[in-house]
Structures are given as C-alpha cells and as structure tokens.
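Results of the structural survey
Each chain, written out:
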Amino acid sequence: MQKITVEEIKVLGEYIHGISGIVLDHSKGYLIESRLRPLLSETGCKTFSDLFYKTRSDSSGRLKYKIIDAISTNETFFFRDSTPFELLRNKILPELIDRRRQQYKPSPLPLRIWSAACSSGQEVYSIAMTLKEMLPDLRSYNITILGSDISDTVIAQASYGKYSKFEVNRGLSKHYLHKYFNQVGSEWRIKDEIRAMTQFDKINLLKPFPEVGKFDIIFCRNVAIYFSPSDRSKLFQKFAHVLEDDGALLLGGSESLSGMNLPFESNNYLRGIYYQKKGWNADTHNTPSSAEQKTLPRPASPIVHKVTPGTKPVIVRNQPVQIKEAIPKSKPASTPSQSSSKASTFPSAPTTPQVERETQAGKTLTAKQEKPPKKSLLSALQETKRTEKNRLIDKQTTDGTSTGKKSRGSLLATLAARKKKKEKDT
Ligand SMILES: C[S@@+](CC[C@H](N)C(=O)[O-])C[C@H]1O[C@@H](n2cnc3c(N)ncnc32)[C@H](O)[C@@H]1O
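Residues numbered from 1 in each chain as written. Predicted model: local features only at pLDDT ≥ 70, side-chain atom pairs only at ≥ 80, totals over all residues.

A few words now on the overall build of the chain. Within the chain one finds 15 helices and 12 strands. The proportion of buried residues among the 426 residues of the chain is 35%. Considering only contacts within the chain whose residues lie at least 6 apart along the sequence, 70% involve residues at least 24 apart. (Helix = DSSP H or I, 4+ residues; strand = E, 2+ residues; numbered from the N terminus. Buried ≥ 20, exposed ≤ 12 C-beta atoms within 10 Å, placed from the backbone. Contact = placed C-beta atoms within 7 Å.)

This part takes up the site of the ligand. Of all residues adjacent to the ligand, which total 24 residues, the nearest are Thr-76, Ala-117, Ser-119, Ile-150 and Asn-222. Looking at the shell around the ligand, its residues break down into eight nonpolar, 11 polar and five charged. When residues of the shell around the ligand are sorted by domain, at least three fall in each of domain 1 (1–71) and domain 2 (75–364). (Near = placed C-beta within 6 Å. Nonpolar A, V, L, I, M, F, W, Y, C, P; charged D, E, K, R; others polar. Domains from an automatic or database assignment.)

Strand order in the open sheet made by the three strands is E3-E5-E4, with antiparallel pairing throughout. The open sheet has two edge strands with one neighbour each: strand E3 (162–163) and strand E4 (181–184). Note: E3 against strand E5 (residues 187–190), two bridges, orientation antiparallel. Paired with Lys-162 across the bridge in E5 is Arg-189. (Pairing = 2+ DSSP bridges.)

Turning to the environment of Met-134, a few remarks are in order. Tracing the chain through its elements places Met-134 in helix H6 (residues 122–134). In this structure Met-134 comes out as partly exposed when scored by C-beta crowding, with 14 C-beta atoms within 10 Å. Residues Met-134 and Arg-89, 45 residues apart in the sequence, show an inter-C-alpha distance of 7.0 Å. The residues touching Met-134, leaving out its near neighbours within four places in the chain, are Arg-89 and Leu-93.

Bringing the nonpolar core into the picture now. Formed by 59 residues in total, the largest nonpolar core has its most connected members in Ile-92, Ile-127, Ala-128, Ile-218, Cys-220 and Leu-249. If near-sequence neighbours (up to four positions away) are discounted, Leu-249 is found in contact with Ile-218, Cys-220, Phe-239, Leu-243, Phe-264, Tyr-274 and Tyr-275. (Core = buried A, V, L, I, M, F, W, Y, C linked by C-beta atoms within 7 Å.)

Interhelical geometry of helix H2 (residues 29–43) versus helix H4 (residues 62–71) gives an angle of 145 degrees and a closest axis separation of 8 Å. H2 and H4 meet at a crossing whose hand is right-handed. Between H2 and H4, the contacting residues are Arg-35, Leu-36, Leu-39 and Thr-43 on the first element and Leu-63, Lys-66, Ile-67, Ala-70 and Ile-71 on the second. (Axes fitted to C-alpha atoms, helices over the stretch in contact; angles between N-to-C directions. Left-handed = near helix turned anticlockwise from the far one by under 90°.)

Its 13 residues give H6 an end-to-end C-alpha distance of 18 Å, which sits within 8% of 18 Å, the value for a rise of 1.5 Å per residue. When H6 is considered as a whole, its buried residues turn out to be Gln-122, Glu-123, Val-124, Tyr-125, Ser-126, Ile-127, Ala-128, Met-129 and Leu-131. (Expected span 1.5 Å × (residues − 1).)

For the rest of this paragraph, the subject is the pairing of strand E7 (residues 215–220). With six of its six residues buried, E7 lies for the most part within the structure. Pairing between strand E1 (residues 109–116) and E7: four bridges, direction parallel. Counterpart to Trp-114 in the pairing with E7 is Ile-218. Relative to strand E8 (residues 243–251), E7 runs parallel, the two sharing five bridges. Opposite Ile-217, over in E8, you have Ala-248 as the bridge partner. Taken together, E7, helix H11 (residues 229–242) and E8 constitute a β-α-β crossover, and its handedness is right-handed. (Right-handed = clockwise from strand over helix to strand, strands pointing away.)

With 66% of its residues at a pLDDT of at least 70, the chain reaches an overall mean of 76. This model gives residues 390–415 a pLDDT under 50, and the stretch forms 15 contacts once residues within four places in sequence are excluded. (pLDDT = per-residue confidence, 0-100.)

To continue, consider unusual backbone geometry. Unlike most non-glycine residues, Asp-81 shows phi in positive territory, near 70 degrees. Structurally, the position occupied by Asp-81 is in the loop between H4 and helix H5 (83–103). With a phi close to 60 degrees, Asn-222 is a non-glycine residue in the positive phi region. Mapped onto the secondary structure, Asn-222 falls in the loop between E7 and H11. Owing to 20 C-beta atoms within 10 Å, Asn-222 belongs among the buried residues under this scheme.

Another aspect to go through is the pairing of strand E9 (residues 264–269). Residues in a regular strand point their side chains to alternate faces of the sheet. Both E9 and strand E10 (residues 272–277) contribute to a ladder of six bridges, which runs antiparallel. Among the inter-strand pairings, Asn-267 is bridged to a residue of E10, identified as Tyr-274. Hairpin connection between E9 and E10: a loop of two residues separates the two successive antiparallel strands, and Leu-270 in this loop has a positive phi of roughly 50 degrees.

Counted at 1.5 Å a residue, the expected span for helix H1 (residues 6–20) with its 15 residues is 21 Å, and the 21 Å between its end C-alpha atoms agrees. The set of residues buried in H1 consists of Glu-8, Ile-9, Val-11, Leu-12, Gly-13, Tyr-15, Ile-16, Ile-19 and Ser-20. Positioned one or two residues after H1, Gly-21 has a phi angle of 90 degrees, which is positive.

Summarising the element assignment, Glu-265 is placed in strand E9. For the pair formed by Glu-265 and Lys-277, sequence separation is 12 residues and the distance between their alpha carbons is 6.1 Å. Apart from residues no more than four positions distant in its own chain, Glu-265 is found in contact with Tyr-275, Gln-276 and Lys-278.

Here we take up the packing of H5 against H6. Two numbers describe how H5 lies on H6: the axes approach to 10 Å, and their chain directions differ by 45 degrees. Our classification of the angle between H5 and H6 gives oblique. Crossing of H5 against H6: the hand is right-handed. Between H5 and H6, the contacting residues are Phe-85, Leu-88, Arg-89 and Leu-93 on the first element and Ser-126, Ile-127, Thr-130 and Met-134 on the second. Tallied by class, residues from the contact of H5 with H6 come to five nonpolar, two polar and one charged. (Parallel < 35°, antiparallel > 145°, perpendicular 65-115°, else oblique.)

What follows is the structure, given as structure tokens:
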C-alpha cells in the first residue's frame with residue numbers, strides 16, 4: 001500500500017489549502033493519505049507526488065475538484081443543531097418580516113437567505129421547510145434560498161433533493177418527511193413546492209464572491225472551522241458586504257466570531273447566538289412612518305436561476321447542467337439514469353466512461369509533461385501557485401470566458417482600460 005512521504009504531506013497540504021482554504025498540517029498526514037489513496041488507483045498514479053503533478057497538469061480542473069471532494073467533510077443532516085432553526089422561526093424571521101413590511105411596499109415581499117457551504121442540501125431544505133411552516137401564504141413573498149458549496153458532487157445532490165433512508169432518518173420528523181417528500185423506491189425526494197424556493201450554485205468561499213446580491217440571512221455553519229484564522233476573518237468580512245444592514249448571520253455550534261476584529265456583534269436569544277452588523281439595533285432603528293412608507297429599491301438578484309417545479313435544471317455559474325439522477329455519494333462513478341429524457345452533463349459526477357477518458361487523457365501526456373524534472377515538489381508547488389494566480393487574473397479579466405484565448409498582456413490592458421473607464425464614469 002502506497003505510503004505518503006513527509007514532503008508529499010507538505011506539498012499536498014499546501015496545494016489543498018490553496019484551492020479550498022482547508023488547512024491540513026503535517027499532523028493530518030494520515031487524513032491526506034487515506035482520503036486521496038482511492039484517487040491513486042482511479043487515476044493510475046503510483047505515488048502521491050504523481051497525483052499532485054497530474055492534478056496540476058489537468059487543464060479541465062476535474063482532478064482538482066476530485067481532491068477537494070475527497071478531502072472535505074460533507075457531514076450534514078436535517079435541522080442540524082435545531083437552535084438556528086428555532087432562532088429563525090421565533091426571532092430572526094418574524095422581526096425581519098415586520099421591519100420589511102413597514103419599509104417596503106412591494107408585494108410579494110423579497111426574502112433572501114444564503115446557506116453557504118450547504119453540502120448535500122439538508123440545511124437548505126430545513127430552512128425552506130421552516131419558512132413554509134411559518135408563512136402560510138408563500139405567494140406574498142418572493143423567497144430565494146441560495147445553497148452553495150465548493151463541491152460539484154454535493155451541489156448536484158442538493159439541487160436534485162433526493163435522499164437515502166439513512167439521510168432522511170437524521171433530523172427529519174416523520175411528519176415533515178411525509179409532508180414534504182415523495183418516496184421514490186427506497187429513497188425520498190423533496191417536493192417541488194419546497195425545491196422551487198431554492199437555488200444552487202458552486203461557490204468557493206475563499207475566492208471573491210460572484211455577483212450574489214444581498215441577503216437578509218446567511219447560514220455559514222461548520223465550514224469556517226477548517227480554514228486558517230486569517231481566511232476565516234476575510235470570509236466574514238466578505239459576508240458583512242453581502243448582508244443587509246439589519247440581516248443576521250448564523251454560525252455552527254462550535255464557531256464564534258469573538259477575538260476577530262469584525263463588523264459584527266453577537267445577539268443572544270434563548271439558548272442561541274446570531275450575529276448582526278455593528279451599529280444595527282432594532283430597538284433604536286427608525287422605521288419609516290406609514291406616511292413615509294414607500295417602495296424602496298431592493299438589491300439586484302444574483303445571477304443564479306431558480307429551480308422550476310417539475311423540471312430538473314440546475315444552474316451552476318456559467319454552466320447550465322441537467323441533472324437527471326441524484327448522485328449517490330458512495331458511488332459517484334456509475335450512476336445509472338432512470339429518466340429517459342436528458343442525460344446528466346454534470347462535470348464532477350463522472351460516469352465510468354468519463355473516468356476512463358480522463359485516465360486515457362492522462363496517458364497521452366508524455367512522462368516529461370506528467371512528471372516535470374524532479375527539481376523539488378516544493379518548487380513545483382510555487383509554480384502552481386503562480387499559475388493559479390495568473391489564471392484567476394485571466395478569468396476575472398475575461399468575465400468568465402475561457403483563458404488562453406487572449407494574450408495575458410492584452411487582457412491586462414483590457415482590465416486597465418476598463419478600470420479607467422469606470423473611474424471616468426464615476
Ligand atoms: C461539514 S459540511 C457543512 C454543511 C452544512 N453547512 C452543515 O452545517 O450541516 C462542510 C461543507 O463545506 C464545503 N466546503 C469546504 N471548503 C469550502 C470552500 N472553500 N468553499 C465552499 N464550501 C466549502 C464542503 O464541500 C462541505 O460540503
């Protein structure tokens with residue numbers, strides 16, 4: 001059985017940190033080894049260094065996401081920790097709706113909630129079911145619950161909304177199961193009325209956020225614990241930018257913002273804690289009098305598209321895909337299709353042939369390309385970091401079009417020109 005070396009732990013640990021923010025120091029060598037080992041045989045790599053080099057030279061980015069999938073902990077369940085959902089039902093949402101009703105005339109009333117790092121979607125649907133129970137006339141609201149994760153695989157399952165018996169037995173009452181799910185063989189699929197309240201997108205929380213708009217409530221639970229203190233702090237700063245002034249931020253049970261210099265303050269209610277922006281105080285906040293009530297502009301909607309009842313589309317940013325079948329976590333490589341309509345084109349849920357293609361593509365690389373001259377793994381990592389950085393600049397500059405079509409020089413010139421024009425316009 002292939003053992004991982006100390007140097008490989010260091011290099012792969014840094015590489016994983018660079019692509020996902022997940023911190024794995026030398027003490028987590030066993031974890032890197034055990035979670036990445038299956039990828040060795042899947043990709044035909046003999047050593048962990050080979051896997052690193054192969055991932056680095058995989059321009060499709062698939063291997064990178066396989067590594068993220070293998071490393072990240074996707075543990076989640078319905079109504080996890082219960083308190084955040086009690087806070088939502090008894091405190092945050094009633095107060096927010098009251099304020100909104102005073103401030104905004106438009107009906108339906110917009111309500112935007114983000115479940116960041118939602119894994120396979122249980123948190124998203126727990127929020128949606130809570131709202132459905134609380135708000136009898138959903139037509140009076142324009143509800144958006146955005147679920148996002150770095151992993152294609154979990155986002156695919158989340159958006160399809162199908163769960164095993166084991167999964168629905170974790171945190172979901174019998175009453176909710178029968179009320180909000182349809183049984184499909186031995187599995188359960190969320191009903192369209194709940195699913196229609198949701199959207200899903202692939203978002204790496206450590207990268208600049210895409211155009212997501214502003215949110216009234218953000219759930220970000222049980223993910224920041226895997227990040228470094230500095231990444232964590234940057235992440236919460238970014239949340240402050242996309243949270244409405246009177247919005248609420250909910251963290252995991254073992255997470256807290258204390259000790260970080262952030263524009264949030266904590267509020268306690270019953271046994272729960274949630275965060276609001278500093279300076280916001282519901283008691284002293286002046287809501288407009290009824291005479292002053294007017295239609296205030298609401299923030300722009302995000303780019304992601306709504307899941308329509310009865311259909312199965314998922315829009316992952318810049319990449320519309322058709323999900324035809326839920327992708328079981330345990331066997332992502334060969335999920336047979338049950339529906340005859342449209343095949344899944346989801347990139348990170350490869351069928352066996354896709355895996356084979358990838359392996360074959362790997363074989364077409366010359367040994368030299370696959371294994372650069374053995375300078376050192378560490379210098380190879382430095383190179384990877386530079387390439388990633390350049391790729392990011394190119395990607396941002398081209399607004400999502402693929403890199404390599406324009407020269408880097410001309411892209412930077414375009415960027416500079418755009419910046420100048422923007423400055424002129426403002
Ligand atoms: C333990 S689960 C938490 C799920 C859910 N929030 C909950 O509390 O039940 C952590 C999730 O974070 C995701 N994740 C890890 N790094 C991420 C990143 N940089 N950006 C977005 N999601 C990330 C993982 O893919 C995983 O699904």
